[in-house]
2 protein chains.
Amino acid sequence: MPTYAAPLRDMKFLLNEVIDLQKYSDLAGYAEATPDVIEAVLEEAAKFTGEVLAPLNLPGDAEGCHWDNGVVRTPKGFKAAYDTYLQGGWQGLTASAEWGGQELPQVLGLAVSEMMIAANWGFAMYPGLTKGATEAIEAHASHDLKKLYLPKMISGQWSGTMNLTEPHCGTDLGLLRTKAEPQADGSYKITGTKIFISAGEHDLTENIIHLVLARIPGGPEGIKGISLFIVPKLLPNADGSVGARNGVSCARIEEKMGIHSNATCVLNYENATGWLVGEQHKGMRAMFTMMNEARLAVGLQGLGIAQVAYENAVAYAKERRQGRALKGPAEPDQPADSILVHPDVRRMLMTVRAFIEGARALAFWTGLQVDLARRSGDDKTRERAGDLLAILTPVIKAYLTDKGFESTVLAQQCYGGHGYIREWGAEQFVRDARIAQIYEGTNGVQAMDLVGRKLPADSGRAVRRFFGAINGFCEENKDDKNIAEFIAPLAATAAQLQDATLWLVQNGMSNPENAGAAAHDYLNLMALTALAYVWAMMAKTAHEKLAGNGDDKAFYETKLATGRFFLNRILPDAATHLAKLKSGAAPVMALAADAF
Amino acid sequence: MPTYAAPLRDMKFLLNEVIDLQKYSDLAGYAEATPDVIEAVLEEAAKFTGEVLAPLNLPGDAEGCHWDNGVVRTPKGFKAAYDTYLQGGWQGLTASAEWGGQELPQVLGLAVSEMMIAANWGFAMYPGLTKGATEAIEAHASHDLKKLYLPKMISGQWSGTMNLTEPHCGTDLGLLRTKAEPQADGSYKITGTKIFISAGEHDLTENIIHLVLARIPGGPEGIKGISLFIVPKLLPNADGSVGARNGVSCARIEEKMGIHSNATCVLNYENATGWLVGEQHKGMRAMFTMMNEARLAVGLQGLGIAQVAYENAVAYAKERRQGRALKGPAEPDQPADSILVHPDVRRMLMTVRAFIEGARALAFWTGLQVDLARRSGDDKTRERAGDLLAILTPVIKAYLTDKGFESTVLAQQCYGGHGYIREWGAEQFVRDARIAQIYEGTNGVQAMDLVGRKLPADSGRAVRRFFGAINGFCEENKDDKNIAEFIAPLAATAAQLQDATLWLVQNGMSNPENAGAAAHDYLNLMALTALAYVWAMMAKTAHEKLAGNGDDKAFYETKLATGRFFLNRILPDAATHLAKLKSGAAPVMALAADAF
């Protein structure tokens, strides 16, 4: 059975050495996040995820969730694990102190989220969805609603969900039909059917708080007539205790490819009582708060699953003996060498490793932007961080989940035939990882969000900020011979991205299909540029540490070697993405619909 | 539920127009393969696979196989479908007339195999393994063994398996331990455990003929002491009727990621009676006959699954309405346009389509080489075809299964959330496709077979033949302006492959790890070159047909448009593969084993 040991050394390298949270002690919660506190939080999280969650992962997949007449039971052990999670106070780690949270840095929360996903994806989604719902309520709901719901959600006593999709609409929410009829007391009666509701019904929490998109009759058509509502499963009393059952029921749970331990529900709303969050018809804006949070978290899922898949593939590769090293037997006394001697096994493992380390650095650095955008006292800093966050969110969601999935496939490949057998667990990682490319907006939707919304917004201010950060770094470090091997390819890749951006500006306006056909490759090119950037940052820190008197030199040398693998074996894809996108829409759109 | 309609038009284009089987009427079986016969065979196969096999695919996956005390039952409907298959005489389609086969071209057999896999992979493996076993017996067994086994196997009354893997060894068969003790009557007593035996036990046929690798005590150690044996489940009487149960039993079937309707068995051999096939200690050579056949067939699996995944994704994309075309509403009367208007959906579908059409052309052209290598009366022709077959077999096995898998993932992505739900079937294609990258030698093993064995054999004769074919084609067509757009990229890619080959010669000798670390990218570069070659062939035929008076112009124009997508959106990967492989082994092998 697979195991999980959180990559603590790498996380501390990023938080304490590369990003160095102490430099941001003017941000709320950062002064408290000393290296000691970071270490304590990470180690407790590693213990909980490795010892409590990971052992439930394979059995949870095999057992799945049980639906019986609207009641959903999670797999054996999940409720006890959730109680342990509650007692640990994990749900409020980064939440506002005002509502009972610990308000530690979001970037530390990302590290904990990565661990939870890696250990047990199906489990991690229950509290993960609560976190997204919490943030939407905090950002958009009235004080009374906050007071009633947030403390219970931040403690983890109540959980949350997001209800967007309906049978006939997912990406195109303008088509949605769920109705919200205003009532005399200011509440609404919600009626409609929502599908694909993750954690929509389960037995882990006392109450489930659904955030539901619905249409108030008489409002504008399409996307402009959608409002957001809180619809609790059980109606809370004024004192916060739970009261009568609301008009929402779970009609079915889906049979899926993976994440079997998380209930994906069809929810029927029949005159369910709901309360408006934010303004009428402005529901999409409120929902985007939740979705942006969710999209970063989903990117992290790609990273987390790659990590656990990598760890277990390495363990297998070290133990499995087949064949001999090409240079001659590595362990002549054994009947065969470990398969880690074979260059193609190395190629696969290094591809995953270089992805993981770059992706983690990028995700954490972007997590820092979340905190800067929300917690900084300086307008300019908040704006800059918000821009970087806006442009990197779709990149992280799509690239980290695409490559996270590919990483699980490569890890599985290292097992040979055993990788296809359930008991080894490698195939579960592949099945679980697959959903992240699809939900919270498919990766194609992310690419269009980047190219169609984020790039042109504010006359391209965000992408200029992104180039500004990279050019600034290259300029600052142009005389550092140690990292010249990282700076040159970073500058070259950024130039390719600039070329692509210019091409988009010139060709996307005249024919928007050029932008649409370029979106996927553009997003990948931007991701590679961002990764080259964080690799250069990491190389800089590694060299500084190697020049110092500290120990752990092997860690920094390994970091540099992994970075070189990225430069030589992954980054060359940038040129291909540029070539493909510049071929334009014509080859993509040439066929008549009936020729398919 | 997914459906399957065999791509008859494309198959006929390849068999009758591009390859034009009538040109090879001197080969046994080809004169009989007139366009009428080809049409009749393909249409019957399309009917059988579309109407009988495809409807059993999703339920067969859900039900899986049942093991009870050594007895294995296939899913509901499989036995009846197998009886229909037998009555159709499909098993003997390309087999020797001498033993009851129809001896039609292998290349026609490939088309039928593609259909069977596409319609129902789990089912298709049962007769598929029989075919491989049949060919090994025909090539290596004594006349008496052939006489006893071949007629029953070619009729499909008995099935076959291949038994290589043991718990501690798969790729490295030199480690295998199964013993074969010689008996006074010339037979052997086989004892050992074999795992991952596809179709190792089932209820479809009267008898199962296991081909088993085992070690005769006292022989050489390692791979040079392995022999091949026929070990029937039921011992045949001299008259061909089945007699007593042999000492082989199914201890378990595996729980797997996919191909649930095919039983993957652990087989225990306890003093089972077996008969030697070929010479003592020369079992690997005999097994390779079977494996080469199997490797081409596995490549075809990647193609077949991509085809069925594509068809169903297209059907979904045409029906699902979300959003509007970027150029403005395509169907303003509808609430939204079909998602086929979106460039990123097109990108995904065109990627799959261009893969399928190129892969089919390459597989069929290679199938022609199988027939030329076996059936030609001319030594030179046989040698040339054998060389091309040798070098293209690992390319087809690895590239077609890697891209076949990726194609199922892209097809699944077109469904959005519905792609993750079992009832749509898209996720089953992904789970089933995954095995093909692993079995019959992982794709890493294929790459090493290409670079380590096939390239250097006979001083590089095979790769020189491959370049010879391409250069000859480019030269012949250098003045054909119609296909200049295909010839120039073909020549450029072939030049990149020559560059890579030279790099391997120069760097692989001094350090074999350079070859090992390059193998994956080299194989992909060769695949792209081969695809550029068959696309140029197809473009030539398409232009000839367009210039003629025939109808069906839309088909040929679509073919050219799809070829242009290949040139612009897939072929640019060639340069990346070259860059990566030339970075050598150092970045791949840099880490100490304990740094992983």
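By convention here, each chain's residues receive numbers from 1 onward along its written sequence. Written order decides the labels, with chains lettered from A and ligands numbered from 1. In keeping with the predicted nature of the model, local features appear solely for residues at pLDDT of at least 70, side-chain atom pairs appear and are counted solely at 80 or more, and the whole-chain, interface and lining totals rest on all residues. Hydrogens are left out, water is left out, and the side-chain values use all remaining heavy atoms of the structure.

A. How the structure looks around the relation of the copies chain B and chain A. If you rotate chain B by 180° and push it 0.0 Å along the axis, it lands on chain A with an RMSD of 0.0 Å. Such a combination of turn and shift is consistent with a two-fold rotation axis. Nearest to the rotation axis, the C-alpha of T576(B) is located 3.3 Å from it, this being the minimum over chain B. Both copies present the same face, since 100% of the interface residues in chain B are matched by interface residues at the equivalent positions in chain A. To line up the copies, we fit them by least squares on C-alpha atoms, keeping just the residues with pLDDT of at least 70 in both. The criterion used for residue contact is that any of the two residues' heavy atoms lie within 4.5 Å.

B. Examining the interface of chain B and chain A more closely. Every contact between the two is made by 91 residues of chain B and, on the other side, 91 residues of chain A. Surface buried jointly by chain B and chain A totals about 7,700 Å² across both partners, of which 60% is contributed by carbon and sulfur atoms. Any Lys or Arg side-chain nitrogen located within 4 Å of an Asp or Glu carboxyl oxygen qualifies as a salt bridge. Joining chain B to chain A, the criterion identifies eight salt bridges. Salt-bridge contacts for E255(B) lead to R422(A); the nearest nitrogen and oxygen are separated by 3.9 Å. For the purposes of these results, a polar contact is taken to be a pair of N or O atoms within 3.5 Å, where, inside protein, one atom must be able to donate a hydrogen and its partner to accept one; residues adjacent in sequence count only when each atom of the pair is a side-chain atom. The tally of links from chain B across to chain A stands at 53 residue pairs in polar contact (both at pLDDT 80 or more). By the criteria applied, helices consist of DSSP H or I runs no shorter than four residues and strands consist of E runs no shorter than two, each listed in order from the N terminus. Tallying contributions element by element places helix α16 (residues 553–570) of chain B first for the side of chain B that touches chain A, with eight residues. We call Asp, Glu, Lys and Arg charged. Ala, Val, Leu, Ile, Met, Phe, Trp, Tyr, Cys and Pro are nonpolar, and the rest, Gly among them, are polar. Residues belonging to the side of chain B that touches chain A are distributed by class as follows: 41 nonpolar, 25 polar and 25 charged. Buried area: the sum, over both parts, of the accessible surface (1.4 Å probe) that disappears when the two are put together.

C. Main features of the pattern of salt bridges. Residue and element names in this part refer to chain A. By the definition in use, this model includes 82 salt bridges over all chains. Across the pair R252 and E254 runs a salt bridge whose closest N-O atoms are separated by 3.0 Å. Here R252 falls in the partly exposed class, since its relative accessible area comes to 40%. For each residue, the accessible area found with a 1.4 Å probe, counting protein chains only, is set against the maximum for its type, and the residue is called buried under 20%, exposed over 50%, and partly exposed in between. Judged by its relative accessible area of 8%, E254 falls in the buried class. Ionic pairing is found between E427 and R422, a salt bridge with its closest N-O pair at 3.7 Å.

D. Representation of the packing of aromatic side chains. Centre distance within 6.5 Å is the pairing criterion for rings of Phe, Tyr and Trp, where only the six-membered ring of Trp is used; planes under 30 degrees apart are then read as stacked, over 60 as edge-to-face, and the remainder as tilted. Taken as a whole and assessed by the stated rule, the structure comprises 37 aromatic pairs over all chains. Measuring from centroid to centroid gives 6.1 Å for Y415(A) and W424(A), while their planes differ by 65°, and the two rings are edge-to-face. On the basis of relative accessible area, W424(A) is assigned to the partly exposed category, the value being 33%. When the centroid spacing of 5.3 Å and the interplanar angle of 70° are considered together, the rings of F13(B) and F555(B) count as edge-to-face. Of this pair, F13(B) sits in helix α1 (residues 8–18) while F555(B) sits in helix α16, and the two are 542 residues apart along the sequence. Residue F13(B) shares its accessibility class with F555(B), and that shared class is buried. R9(B) extends its terminal NZ or CZ atom over the ring of F555(B), reaching a point 4.1 Å from the ring centre. Whether a charge sits over a ring depends on NZ of Lys or CZ of Arg being within 6 Å of the ring centre and within 35 degrees of the ring normal.

E. Looking closely at helix α15 (residues 512–547) of chain A. Residues and elements named next belong to chain A. By definition here, a helix of n residues has an expected span of 1.5 Å times n minus one. With 36 residues, α15 should cover 52 Å at 1.5 Å per step; its first-to-last C-alpha distance of 51 Å lies within 8% of that length. Where α15 bends most, the angle comes to about 50°, and this point is A519. With 29 of 36 residues buried, α15 lies mostly within the body of the structure. Of the residues flanking the start of α15, the one acting as N-cap is N511, its side-chain oxygen 2.9 Å from the backbone nitrogen of E513. Two axes enter the bend calculation: one fitted to the seven residues ending at the residue in question, the other to the seven starting there, and the bend is the angle between them.

F. The arrangement of the side chain of T408(B) in detail. Residues and elements named next belong to chain B. Along the chain, T408 falls in helix α10 (residues 379–413). The exposure class of T408 is buried, given its relative accessible area of 0%. In contact with T408, not counting residues within four places along its chain, are I305, A309, F429, V430 and A433.

G. Representation of the state of the cysteines within the structure. Defined by distance alone, a disulfide is two cysteine sulfur atoms within 2.5 Å. Per the stated rule, a full pass over the model turns up zero disulfides over all chains. Summary of cysteine pairing: C65(A) is not part of a disulfide, and the nearest cysteine sulfur, belonging to C265(A), is at 7.9 Å. Cysteine C265(B) remains unbridged, with the sulfur of C250(B) as its closest cysteine sulfur at 3.8 Å. By relative accessible area, which is 0% here, C265(B) ends up buried.

H. Spotlight on the packing of helix α2 (residues 35–53) of chain B against helix α4 (residues 78–87) of chain B. All names here are of chain B. Between N-to-C directions, angles span 0 to 180 degrees; the directions come from axes that are lines fitted to C-alpha atoms, helices contributing only their stretch in contact. α4 packs onto α2 with a crossing angle of 170° between their chain directions and a minimal axis gap of 11 Å. As the angle between them shows, α2 and α4 are arranged roughly antiparallel. You can see that α2 and α4 cross each other, and the crossing is right-handed. Along its contact with α2, which presents F48, V52 and L53, the element α4 presents A81, T84 and Y85. Among the residues forming the contact of α2 with α4, the class breakdown is five nonpolar, one polar and no charged. In these notes the angle categories are as follows: under 35 degrees is roughly parallel, over 145 is roughly antiparallel, 65 to 115 is roughly perpendicular, and the rest is oblique. Should the near helix be turned anticlockwise from the far one by less than a right angle, the crossing is left-handed, and should it be turned clockwise, the crossing is right-handed.

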